[in-house]
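These are the residues of each chain, in order.
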Amino acid sequence: MVQWHPSIMAVEHNPRSDRKLFGAPPFILSVSFALLIILGTSLLKLPIATESSITWLQSLFTATSAVTVTGLVVVDTGTVFTPFGQIVIALLIQLGGLGLMTFAIVTLIALGGKIGFLQQTVAKEAFNQTDTSTLVSTAKAVLLFSLLVEAMGMLILSVYWSDELGWKISIFHGFFYTISAFNNAGFALSADSLMPYVADPVVNLTITGLFIIGGLGFSVWIDLRRNKRWSKLSVYSRMMIIGTIIINAVAVIAIYLIENNNPNTLAPLSEFGKWLASWFQAVTPRTAGFNTLAIDQLEDGTTLLMLVLMFIGGGSLSTASGIKVVTFMVLILATYGYLRRDEAVYVFKREIPKDTISKALALTMISIGVTWLAIFALVLSETAPLIDIIFEAISALGTVGLSRGLTGNLSNAGQGIIIFMMFMGRLGPLMLAYFLANPRVTKLRYVETKLAIG
C-alpha cells in the first residue's frame, strides 16, 4: 500500500539542482582544509624547517595533525623542527582550529569585499549557523574573542616561564603553547609534553583554562556575552555547560580514585599535586592532547575512561572534535525517555525534535563504524597491543593527540590510516551534519512494520 504525501506533492523538486547546490559547501570546506595541509606539508619539508631531513609522509602527517588540531606526532616537534618549522606548525594549528572561513570572511570584510551566496552557504556550515545575517558578526566575534584569550594566555605563560627559560625562549614557548592549547591541538615543544609541570598550578590551570575555553564552543561564549542570566541562555548553551561540568567532575574523581596508589602516576605526588594531575588528565582527553602523566603507565580503568572522554569530545562551533557533548547528552536523554515510555524527550521544558535524536544517533553510529574499521586496519598493519591501537584510533578520530607510544612506531600504512582518521575526525562530523540537515525528499510513504529489537 502506497500513501501519498500531500506536503511533498505541492512543490516540484529537482534533485539534481539540490545535489549541485547542497553538495558544494562540504566539498569546498574539505578541499580548503586539504589545500592547507598540502601547503603545510610543502613548508615543513623545506630544509629551513627541520634540523634533520624528514620524509614527505612524516611532513604530511605533521601538517595534517596540525591543521586538524590533533597533536599526534611521528617526529618530535621540539628537536626535529627549527623555530621556522615550529612557527609554521603554530600557524597551521591556528588556521585549522579557528577555521579557514573565519579568517577568509574577516579578511574579505577588511579589504572591502562582499560575500557571495556560495561563500555564505559554506560559511554557515563552518560556523553551524542557520541565519546568514549573523555570519559577519559571528566571524568577527569568534576572531576577536580568540585573539583576546590567546593574548592573555601568552602573557601569563611568557611571564611565568621567563625566570626558567629567559625572556626570548619564554615568549616563544608562551606563543606556541597558547595557540596549541586554545585550539585543542596538544602539540608540545618537549617529548614528554607537560610532565615536568605535573604539580605546577600556574601551567596546569592556564593550559586547561585555554583548551576548556576553546573546546566549550564559541556559540556558548557569544550566548553568555549577550544573555548574562542563566534563564536567558539557549537550551544548547545550558546543556553544554552542565554537561561539561558533570563530565569533568566525574572524570576528575574517577581518575583520582583509580590512580591514587599507582607508583607510576599519582602516588609520588603531594595531595594537592594528585588532585591537580587528576584534573589535568580528566579534561585533556576532551581533544586537548597534552599530558602531565605518562599515558602508557595509567591503570586500565583510567585508560578506558579516557577512551570514552576522547570519543565524546567538546562542543559544536569550537576548536574541539568528537561526537560532541550535546550529542552525547541527547542520546542519554533519549534512552532515559524511552525507558520511561515517554511520548517525547524533554530538556529544560523544551521538547527535543525526533529529527535531532536521529541525527545524534546517526553521527554516533557512523563514528563508531569508522573507528572500528580503523582499528581493524591498524591491527592488520601494526604489531602492537590491541589497547594501544584502540587508543590511537579513537585519539585520531577525536583529534585528541594523546598516545600510548604507538604514533612514533607506526608503519607507512599505519600513518596513512591515522592521517585519514584525523581528517575525518575534523571534517567528517561537519559534512555529515550538513547532509543530515538537508533530507532527501521522497513522494512515497510505505506501510509501517514492527521489528523485534533486543
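Computed from a predicted model, the values in this text were never measured in an experiment. (Residues numbered from 1 in each chain as written. Predicted model: local features only at pLDDT ≥ 70, side-chain atom pairs only at ≥ 80, totals over all residues. Heavy atoms only, no water.)

**Description of a nonpolar patch on the surface**
Logical step 1: A cluster of nonpolar residues, Phe27, Val31, Leu35 and Ile38, forms a patch on the protein surface that exposes about 390 Å² of accessible area.
Logical step 2: Positionally, Leu35 belongs in helix α3 (residues 24-44).
Logical step 3: Taking the relative accessible area as the measure of exposure, Leu35 reaches 53% and is therefore exposed. (Patch = residues over 30% accessible without salt bridge, like charges linked within 9 Å, V, L, I, M, F, W, Y side chains within 5 Å. Areas by Shrake-Rupley, 256 points an atom, 1.4 Å probe, with all protein chains shown as cover. Salt bridge = Lys/Arg side-chain N within 4 Å of Asp/Glu carboxyl O. Helix = DSSP H or I, 4+ residues; strand = E, 2+ residues; numbered from the N terminus. Buried < 20%, exposed > 50% of the residue type's maximum accessible area, 1.4 Å probe, protein only.)

**Regarding the packing of helix α13 (residues 235-259) against helix α14 (residues 271-283)**
Logical step 1: Two elements in contact, α13 and α14, have axes separated by 8 Å at closest approach and are oriented at 130 degrees. Judged by the angle between their axes, α13 and α14 are oblique. As for how α13 packs across α14, the hand of that crossing is right-handed. Listed contacts from α14 to Asn248, Ala251, Val252, Ile255 and Tyr256 of α13 are Glu271, Lys274, Trp275, Ser278, Trp279, Gln281, Ala282 and Val283.
Logical step 2: The residue makeup of the contact of α13 with α14, split by class, is eight nonpolar, three polar and two charged. (Axes fitted to C-alpha atoms, helices over the stretch in contact; angles between N-to-C directions. Parallel < 35°, antiparallel > 145°, perpendicular 65-115°, else oblique. Left-handed = near helix turned anticlockwise from the far one by under 90°. Contact = heavy atoms within 4.5 Å. Nonpolar A, V, L, I, M, F, W, Y, C, P; charged D, E, K, R; others polar.)

**Topic: the packing of aromatic side chains**
Logical step 1: Under the definition given, this model contains nine aromatic pairs.
Logical step 2: Taking the centre distance of 6.2 Å and the plane angle of 45 degrees together, the rings of Phe172 and Phe175 count as tilted. Placement of the pair is Phe172 and Phe175 together in helix α10 (residues 167-182), with a separation of three residues, close to one helical turn.
Logical step 3: A residue is classified by how much of its surface remains accessible, and Phe172, at 21% relative accessible area, is partly exposed.
Logical step 4: For Phe175, a relative accessible area of 22% gives the class partly exposed.
Logical step 5: In this arrangement the basic side chain of Arg238 is found over the ring face of Phe348, its NZ or CZ atom lying 4.7 Å from the centre.
Logical step 6: A cation over an aromatic ring shows up here: Arg341 above the ring of Tyr338, its NZ or CZ 4.9 Å from the ring centre. (Phe/Tyr/Trp six-rings, centres within 6.5 Å; stacked < 30°, edge-to-face > 60°. Lys NZ or Arg CZ within 6 Å of the ring centre and 35° of its normal.)

**A look at the side chain of Gln94**
Logical step 1: With respect to the helices and strands, Gln94 occurs in helix α6 (residues 83-98).
Logical step 2: Assessed through its relative accessible area of 10%, Gln94 is described here as buried.
Logical step 3: Among the polar contacts made by the side chain of Gln94, one reaches the side chain of Glu150 at a distance of 2.7 Å. (Polar contact = N/O pair within 3.5 Å; in protein donor to acceptor, adjacent residues only side chain to side chain.)

**Some thoughts on the packing of α13 against helix α16 (residues 325-339)**
Logical step 1: One can describe the packing of α13 onto α16 by two numbers: an axis separation of 9 Å at closest approach and a directional angle of 90 degrees. By the angle between their axes, α13 is roughly perpendicular relative to α16. Residues Tyr236, Met239, Met240, Gly243, Thr244 and Ile247 of α13 form the contact with α16, whose participating residues are Val325, Val326, Phe328, Met329, Val330 and Leu333.

**A short note on α10**
Logical step 1: Across its 16 residues, α10 extends 22 Å between first and last C-alpha, which sits within 8% of the 22 Å expected from 1.5 Å per residue.
Logical step 2: Of the residues making up α10, those classed as buried are Ser170, His173, Gly174, Phe176, Tyr177, Thr178, Ile179, Ser180, Ala181 and Phe182.
Logical step 3: Immediately downstream of α10, the backbone of Asn184 shows phi near 55 degrees, a positive value. (Expected span 1.5 Å × (residues − 1).)

**Thoughts on the environment of Met422**
Logical step 1: The residue Met422 is located in helix α19 (residues 412-437) in this model.
Logical step 2: The exposure class assigned to Met422 is buried, which follows from its relative accessible area of 0%.
Logical step 3: Other than its neighbours up to four places away in sequence, Met422 contacts Phe61, Thr64, Ser65, Thr68, Thr70, Leu72, Ala396 and Thr399.

**Points about the pattern of salt bridges**
If the charged atoms of two oppositely charged side chains come close together, the side chains can form a pair.
Logical step 1: Counted according to the given criterion, the structure contains three salt bridges.
Logical step 2: In this structure, the salt-bridge partner of Lys359 is Asp355, at a minimum N-O distance of 3.2 Å. In this pair, Lys359 and Asp355 are both assigned in helix α17 (residues 354-381), four residues apart and thus about one turn of the helix distant.
Logical step 3: Residue Asp355 is classed as partly exposed on the basis of its relative accessible area, which comes to 46%.

**Section: unusual backbone geometry**
Logical step 1: For Ser193, which is not a glycine, the phi torsion comes out positive at approximately 55 degrees.
Logical step 2: By secondary structure assignment, the location of Ser193 is in the loop between α10 and α11 (201-216).
Logical step 3: A residue is classified by how much of its surface remains accessible, and Ser193, at 8% relative accessible area, is buried.
Logical step 4: For Lys324, which is not glycine, the phi torsion reads 90 degrees and is therefore positive.
Logical step 5: Mapped onto the secondary structure, Lys324 falls in the loop between α15 (300-312) and α16.

**Some points on the confidence of the model for the protein**
Logical step 1: On average, residues of the protein score 84 in pLDDT, and 82% of them are at 70 or above.
Logical step 2: When mean pLDDT is compared element by element in the protein, helix α4 (residues 56-67) scores highest at 96, while helix α1 (residues 6-9) scores lowest at 38. (pLDDT = per-residue confidence, 0-100.)

**A closer look at the nonpolar core**
Logical step 1: In this structure, Ile89, Leu92, Ile93, Tyr177, Leu194, Ile207 and Phe290 are the most contacted members of the largest nonpolar core, which totals 44 residues.
Logical step 2: Where this core is concerned, the elements lending two or more residues are α3, α4, α6, α9 (135-165), α10, α11 and α14.
Logical step 3: Broken down by element, this core gets its largest block of residues, six residues, from α6.
Logical step 4: Residues in contact with Leu194, not counting those within four places in the same chain, are Tyr177, Val203, Ile207, Phe280, Phe290, Asn291 and Thr292. (Core = buried A, V, L, I, M, F, W, Y, C linked by side-chain atoms within 4.5 Å.)

**A short note on the environment of Val345**
Logical step 1: Note that Val345 resides in strand β2 (residues 345-347).
Logical step 2: Classification of Val345 by relative accessible area gives buried; the value is 11%.
Logical step 3: Along the sequence, Val345 and Leu333 sit 12 residues apart, while their C-alpha atoms lie 6.7 Å from each other.
Logical step 4: Contacts of Val345, omitting those with residues within four sequence positions, involve Leu333, Ala334, Arg350, Glu351, Ile352 and Ile357.

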